[in-house]
Amino acid sequence: MPRTQDARTQGAFATRASESPKRREPSHFGHLMAVISPGVIWIVVFLVLPSAYLMTIAFMTNGTYGLPRMPLTLEAFKELAGFGFLGWSPGNLYTLIRSIWQTVLSTSLVIVMAYPIAYYITRAPARMRPLMLLAVVVPSWTNQVIRAIGWMNILSPGSPVSDLAASMGLIPAQMGLFPSKFAVVVGLVYNFMPFMVLPLYAVFEKLDYAQIDAARDLRAGPIRTFIHAVLPQTLPGLLAGTVLVSIPAFGMYVIPELLGGGKSMMLGNLVARQFAAASNWPLGAAGALIMIIATLLGLLVLRRMGKKLGGDSQVVL
Amino acid sequence: MTGQSTATASAVAAEPTTQHQDQASGRSGSSIELHGVTKQFAADSIALRGINLKISGGEFFTLLGPSGCGKTTLLRIIAGLENASDGEVEIGGASVTDVPAHKRNVNTVFQSYALFNHLDVRENIGFGLKMRGMDKAEISKRVTETAEFIKIGNLLGRRVDQLSGGQRQRVALARALVNEPDVLLLDEPLSALDAGLRSELQLELSRIQRRLGMTFIFVTHDQQEAMVMSDRVAVLNDGRIQQVGPPQQLYEHPENLFVARFMGHQNLYEVRQQDESGLDTCFGRLVGEFERGTHVLIRPETMTVVREDDVNAGPNVFAAVVRERVYRGHVAEYTLDLGNDTEIVATCNNVGEPMFDVGTRVAVKVQTSGVVTFHA
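Each value, and the rule that gives it
- Residues numbered from 1 in each chain as written.
- Chains lettered and ligands numbered in written order.
- Predicted model: local features only at pLDDT ≥ 70, side-chain atom pairs only at ≥ 80, totals over all residues.
- Heavy atoms only, no water.
- Salt bridge = Lys/Arg side-chain N within 4 Å of Asp/Glu carboxyl O.
- Helix = DSSP H or I, 4+ residues; strand = E, 2+ residues; numbered from the N terminus.
- Buried < 20%, exposed > 50% of the residue type's maximum accessible area, 1.4 Å probe, protein only.
- Contact = heavy atoms within 4.5 Å.
- Buried area = accessible area lost by both parts, 1.4 Å probe.
- Polar contact = N/O pair within 3.5 Å; in protein donor to acceptor, adjacent residues only side chain to side chain.
- Nonpolar A, V, L, I, M, F, W, Y, C, P; charged D, E, K, R; others polar.

S.K.: Please explain the pattern of salt bridges as it appears in this structure.
M.R.: Where charged atoms from two side chains of opposite charge approach closely, those side chains can pair. All names here are of chain B. Following the criterion strictly, the structure yields 22 salt bridges over all chains and no others. Across the pair E138 and R142 runs a salt bridge, and its minimum N-O distance is 2.9 Å. Note that E138 and R142 are positioned in helix α4 (residues 136-149) at a spacing of four residues, about one turn of the helix. We classify E138 as partly exposed; its relative accessible area is 24%. Where R170 meets E204, a salt bridge forms, and the shortest distance between an N and an O atom there is 2.9 Å.

Structure below.
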């Protein structure tokens, strides 16, 4: 593998050099800087500096009025891990685990639902396809808060959906499906569906059906045909969608805040609370830092999976 | 149904025990029979209308026709990738009509190659064997052998996107051949390649087919390709078989106007009137004993073109003016004006005689052996 990649890189350089030998000359260096500097400045001012600031706060001590002060300690991380004045409590840890679980669950549900949707849109008559895609995207034109409130109504006690669930014995009578972890997952799935459907649609549209024929021709039954001929081709879309869905879902604030009730808090809510109501900036910053690290770890896992499953699917990550 | 086909498959496989060590030893491929195969996609789109065909084991058989004639659909029905709306498919004497593609011992080389991009060349070639559950060492051995045989032994570690068109074609061929199918189906496998590579691979394919003794069914729209490679050719049009026969027969004795045109003939004329001593066409009378027909074809290479004053008027000699001359190296191709808006094409071997210029008045002598009549 590494050798072939070398060959590829060399090949790419070779073509670039032969196409326009002048492009890489030093006289163009100033020109290049002029073009990329606005972007670089933007990233430094709005990403690098704030991140460094956040990281610093996470290691500072919580002051009396919530403002962070010296010295640098690991207090915030200890507190995040549950060591407070009253001994150890697992509340924050639960929040972290819950966030990961809700993210994995809702991303999986989104994949399972979006995959056939994307496929059927590509198989629909050409004039229907833009309409169907529009139907997928239109809900996201409405404010997230308003949509979450919509779900509050649909799932609240006494609503037809809640009554139906109660009559089937899924929840106690007079109870609603909202507020609950279930409502949060419903909200996340609903909210992020378009971000999975669109990249999947893009890969399904380019699907090489001949590969499916080839797999069947080479003695693969329906399931193995899917695994060996369809899945690898859709993997780039699947990974792109997973990134687009799982990262914002993991840090989601609005949906768990509105649909979850107190017991369904996610990491985003915890962080927000520390910066606002609880006035504990170092704890909030530590939470945010853990969130960033968890996200990067998640990306790393996805990248590994992508490399393992299909050669050229690292593109997205 | 399935039981039957597996029985034949194992019988074929059991036949020569050393077949893999010596691929050139040759075994007879399976015969194929199609009975009334019909395919209807929608109410108004009929791809195949009752195809009956017998293909012998070990034959290089070509389905030839214009695009949309149903040739690819027929191939897909034999592969099991498409179900016939009606009719029966038999491979090696056993009906496989209801056997799905992945259970037929038939493999296909696809027009677009259809290689798996996420697998390297070795994994692509070994895919079919892996699906059969063969153990890794055996797969590796067979893949290497087949790759050597197809002359791509040096490409086994490459990624598919690092291959040229010709190399991809070879990988696709090896991926099918390694499974030692009863029948190999080739769906316009050379159409995407440039001319030189194409004729090289044409010869190589027929060589491989002869060495393996496998039944090949080849689909193409190129009559030259069909003639070069095939033992027999079936010309298809509009979902029907127009004529089946060896290339020579199709070229020299087309049975109808479509086949004549498709085989590249241009000198086609309506028969106005016919009796025992000859027939009348728009440019004059051809004297000779011809079979009855509504149309007549004159093969360009059987005609002789001479300077007008070098020949005495006689039967089957017609005065003409050279309208166009195409120099092809080994032959010169003349388009001759016979008057009355009638043209005839004659080819003359380039054996050192001076060629006629455009505008030259000539006489063209038609040999009766080059005249074929048929019904439209």
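That shown, we press on.
S.K.: Got a minute to help me understand the environment of Q144(A) in this structure?
M.R.: All names here are of chain A. Here Q144 shows up in helix α6 (residues 144-155). In this structure the C-alpha to C-alpha distance between Q144 and G82, which are 62 residues apart in sequence, comes to 32 Å. Sequence-distant contacts of Q144, defined by excluding residues within four places in its chain, comprise N191, M252 and V254.

S.K.: Any chance you could explain the interface of chain A and chain B here in plain terms?
M.R.: Size of an interface: often given as the accessible area lost when the parts come together. Each side of the interface is counted separately: chain A has 23 residues, and chain B has 29 residues. Carbon and sulfur atoms make up 54% of the surface buried where chain A meets chain B, a total of about 2,300 Å² over both sides. Where chain A meets chain B, there are one salt bridge. D213(A) is the salt-bridge partner of R76(B), the closest N and O atoms lying 2.6 Å from each other. At the surface where chain A touches chain B, the tally comes to seven residue pairs in polar contact (both at pLDDT 80 or more). Of all the secondary structure elements, the ones that give two or more residues to the side of chain A that touches chain B are α1 (2-19), α9 (209-217) and α10 (222-250) of chain A. Class assignment of the residues belonging to the side of chain A that touches chain B gives a composition of nine nonpolar, six polar and eight charged.

Structural measurements only, silent on function.
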